[in-house]
Amino acid sequence: MLLDGARIGEIDLRHVQRADRISLLGVRARVLYDDYSSWSTGAPGQNFHQLDGFRYDSFGNDPFGDTPVDAAGRIAWLKKQFAPSNNFRPQPWIWLAKVLADMGHVDDARAVSMAKFDEQLRTRSVTGPTALALRAYGALYGYGYLPLRLLAWVTGIWLIAALLYLAASDANLMRPTDGGILASKKSVCAASWTDCAPLAEVYPRFNAFAYSLDVILPISGLQQAKSWTPLTTDPIGKGYSALGVATAVFALFERLFGWLAGLMLVSVASGLVKRS
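Parameters and conventions
Every chain is numbered independently, its residues counted from 1 as its sequence is written. A pLDDT threshold of at least 70 governs which residues receive local features in this predicted model, and a stricter bar of 80 or more applies before side-chain atom pairs are shown or counted, although totals over entire chains, interfaces and linings include all residues. Only heavy atoms go into the side-chain values, all of them from the structure, while hydrogens and water stay out. Categorising residues by exposure relies on relative accessible area from a 1.4 Å probe, with only protein chains included: less than 20% of the type maximum marks a residue as buried, more than 50% marks it as exposed, and the intermediate range marks it as partly exposed. To qualify as a helix, a DSSP run of H or I must reach at least 4 residues; to qualify as a strand, a run of E must reach at least 2; elements of each kind are numbered from the N terminus. Pairs of residues are marked as contacts when any of their non-hydrogen atoms sit within 4.5 Å. Two strands pair if DSSP finds at least two bridges between them. Patches here: salt-bridge-free residues with over 30% relative accessible area, like charges joined within 9 Å, nonpolar side chains (Val, Leu, Ile, Met, Phe, Trp, Tyr) joined within 5 Å. The Shrake-Rupley method, run with a 1.4 Å probe, gives the accessible areas here. Residue values count only the displayed protein chains as cover. Any Lys or Arg side-chain nitrogen found within 4 Å of a carboxyl oxygen on Asp or Glu counts as a salt bridge.

**Student:** Please provide a residue-by-residue account of helix H1 (residues 71–78), values included.
**Tutor:** Of all eight residues that make up H1, six are buried, and the element is covered over most of its length. Restricting attention to buried positions, one finds in H1 the residues Ala-71, Gly-73, Arg-74, Ile-75, Trp-77 and Leu-78. Those residues of H1 that are buried lie in contact with strand S2 (28–33), strand S3 (55–59), helix H2 (91–102) and helix H3 (106–122).

This is the structure we're talking about:
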């Protein structure tokens, strides 16, 4: 069935059963009626359906039955398009999300928008550093549609790091960064720097959870990361400490992750990175 370029009030495909090819290139219609059995069931990319440029105002409903609008089914529908390798067509995905949102199916529209990025990656339409950045954007932020996912990542890493810093503190592997303090208080604080009462009188007291927050949110202003640092060598001078090295490496990772998460959030909020 080829309707390329047509201008039609309604398209009703409910009487069509598993058509091998339906071409709606550039078609403009007011209402689309169909069901999933209208379209052939070959593997993604193995069909000959063409939907690029197809614009419709809504999916229809009448006494004969509503046209399905669930995200999972519609995503599978779009995957039935003819799609040569590395030739992803975004318009059908963007238009479907718009129509679903206009009809009030906001969650389904969001799922379709996210699936568009997944499909770009699956078809290798983006490669190299761009693909890596897009995968990270999806994993951490749901391509801009799931901000709570980013919050969950930040919270999880903050908590894991805090517990690691607490263990390092208990092992006397957290030291002041101030050289003068180290020299003047070494005689009374060397056994346990973070629990040294005389040090607490003149220096910010170490708190593992506040330290972790200060590392992952560099603009927090808690002064913990500025005042304390992990010690990578054994406190009694027996070479490197595995816990100390792990703490220092994870602190670096946490700091980099904090900057990445902040940059991602600002980029989306400012419109520098657009979800669509």
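**Student:** Any chance you could break down the pairing of S2 for me, citing the residues and the numbers?
**Tutor:** Across five bridges, strand S1 (residues 7–12) lies against S2 in parallel orientation. Among the inter-strand pairings, Glu-10 is bridged to a residue of S2, identified as Val-31. Where S2 and S3 come together, four bridges link them in parallel fashion. Note on S3: the bridge partner recorded for Arg-28 is Arg-55.

**Student:** Outline a nonpolar patch on the surface, listing residues and values.
**Tutor:** Taken together, the side chains of Leu-159, Leu-163, Leu-166 and Phe-209 make up a nonpolar region of the molecular surface, amounting to roughly 320 Å² of accessible area. Element by element, the count of residues in the nonpolar patch is highest for helix H5 (residues 147–170), at three residues. By the secondary structure assignment, Leu-166 is in helix H5.

**Student:** Can you lay out unusual backbone geometry for me, pointing to particular residues and giving the numbers?
**Tutor:** At Arg-124, a residue that is not glycine, the phi angle is positive and equals roughly 60°. Looking at the element boundaries, Arg-124 is found in the loop between H3 and helix H4 (128–141). At Gln-223, a residue that is not glycine, the phi angle is positive and equals roughly 65°. You can see Gln-223 is positioned in the loop between helix H8 (208–216) and helix H9 (224–227).

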